[in-house]
Amino acid sequence: MKIAISVISPDEGMSAVIDPRFGRARHFLLVDIDKREVVKKVENIDAFNMGHGAGIKTASKMVELGVDAVGSGFVGPKAFSVLSAAGIKVYSGLEGSVSEAIKRIASGEIQPDSAPSSNGHW
Amino acid sequence: MRIAIASGKGGTGKTSISVLLAKYLSFESGQEVDFLDCDCEAPNGHIFFQVHLTPLKTVNIFTPKVDTSKCTFCGKCSEICRFNAITVLGNKVAMTFPELCHGCYGCFRVCESGAIKEDPRRIGKVYAGRHEDGATRIHLVQGVLRIGEAMSPPLIKAVLEEGEASSNLVAVTDCPPGTSCPVVTSIKGADLVVIVAESSPFGLHDAAILTKVVRRLGLTFAIVANKVLDENTLIHEWCAKEGYRYLGGIPFSPDFSMEYARGGDIFKAAKRMPEIEEVLCRITKMVQER
Ligand code: SF4
Ligand code: SF4
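Just so it is clear, the structure is predicted and the values come from calculations on it, not from any experiment.

### As for the domain arrangement of chain B
Okay, so step 1: What the domain assignment lists for chain B is domain 1 (2-60 + 124-289) and domain 2 (63-119).
Okay, so step 2: Taken over C-alpha atoms, the centre of domain 1 of chain B sits 39 Å from the centre of domain 2 of chain B.

### Remarks on the interface of chain B and chain A
Size of an interface, as often reported, equals the accessible area lost when the parts are brought together.
Okay, so step 1: Facing the 9 residues of chain B at the interface are 13 residues of chain A.
Okay, so step 2: For the pair chain B and chain A, the summed buried surface comes to about 950 Å²; carbon and sulfur atoms form 71% of the total.
Okay, so step 3: Scanning the region where chain B abuts chain A turns up 0 salt bridges.
Okay, so step 4: At the boundary of chain B with chain A, the tally comes to 3 residue pairs in polar contact (both at pLDDT 80 or more).
Okay, so step 5: Those elements giving two or more residues to the side of chain B that touches chain A turn out to be β5 (86-89) and β6 (93-96) of chain B.
Okay, so step 6: Partitioning the side of chain B that touches chain A into residue classes produces 6 nonpolar, 2 polar and 1 charged.

### Details of the environment of B:Leu234
Residue and element names in this part refer to chain B.
Okay, so step 1: Tracing the chain through its elements places Leu234 in helix α8 (residues 234-242).
Okay, so step 2: Taking the C-alpha atoms as reference points, Leu234 and Pro251, separated by 17 residues in sequence, lie 13 Å from one another.
Okay, so step 3: Setting aside residues up to four positions removed in sequence, Leu234 forms contacts with Ser199, Ser200, Pro201 and Leu204.

### Focus on the site of ligand 1
Okay, so step 1: In the neighbourhood of ligand 1, 13 residues make up the surrounding shell, with B:Cys71, B:Cys74, B:Cys77, B:Cys111 and B:Ser113 lying closest.
Okay, so step 2: Taken together, the residues of the shell around ligand 1 break down into 9 nonpolar, 3 polar and 1 charged.

The rules behind these values
Residues numbered from 1 in each chain as written. Chains lettered and ligands numbered in written order. Predicted model: local features only at pLDDT ≥ 70, side-chain atom pairs only at ≥ 80, totals over all residues. Heavy atoms only, no water. Domains from an automatic or database assignment. Contact = heavy atoms within 4.5 Å. Buried area = accessible area lost by both parts, 1.4 Å probe. Salt bridge = Lys/Arg side-chain N within 4 Å of Asp/Glu carboxyl O. Polar contact = N/O pair within 3.5 Å; in protein donor to acceptor, adjacent residues only side chain to side chain. Helix = DSSP H or I, 4+ residues; strand = E, 2+ residues; numbered from the N terminus. Nonpolar A, V, L, I, M, F, W, Y, C, P; charged D, E, K, R; others polar. Near = heavy atom within 4 Å.

Following this line, the structure appears as structure tokens:
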């Protein structure tokens, strides 16, 4: 399973720090959950600079990337509706490093959301 | 002749000045004056004129609805939309986010398969009423934005259109706070923009941003300092330094503020402050010069 996680420091690989914002995160790391390794770094600068609808833009990008899941601190309602329409799982409430988050997801400690985790503006 | 009263920062006294100015102009000219309340998120000019308002019209904007049976999922609509109000996922889903849509028809025009249908969204209503009190007559028009709606410019345009259709020669526009689209829409085409700057660092900061917008639009403007405490000359000095026309300073008055807050007789309260009349008189002179 491939998951895209919003991060602040993409160059630190699995030790990278998670960015709590989904829509306006500058960077994402695509991680292979089974292999526990970073597959790809993705920049998200255009959505970061967007006045409105950054969440929608970022979510559409995730769809293009073909990920199975996304992970972040908070995912707003518009991004959530795009992701769920595309059948992408959303793991929110993540913090700390990517490797910790992956561990918690793989162990089943964290379950995918069934509703958006913030009411926007993240 | 349209005078727009704007400020940048909120709560600087736009509505007070607008209301007082409209009444003053009507009294001085002996004619009815239009009062166009473009602060559609919280229109309140009518409180001070005590007018009975009647609804004139409902304002709708275009929002797209995708007919998925005709859609080829080419993604052109989503590419042209600057507001991410429409997005196409792979070749199965086209989603719209009406609350982000600005009603520009962009998606509608680029769609080659006629899959985009119009799904009008009600954004608000325009109301109007008349006030008569001795020698002053006001024709008040206001826009009221639907609760939950964020897109006020089309409603503001509808209010301004009512003003244009009116036979009165002078109109005072009470603008919304800020410096973004609603303000630009409200001041565009005005013959004079009066910037009400609160005499504080915050007030100066926002008035300076608004001044940039006004200059960019090529409009004539002048500045009033309001809520001036003691001998504070912040705004006056700024105007002198930049070479902007300064119309005077109105002192901070708890008496006036209280009258305003309870929707009372601010005309009476204003009479106790000679600085207000001086400012109104200077604005009138500027109007006559043009
Ligand atoms: S432009 Fe028209 S056909 Fe293309 S994706 Fe949008 S709605 Fe569908
Ligand atoms: S009308 Fe304009 S703003 Fe609205 S969805 Fe279409 S392109 Fe976007």
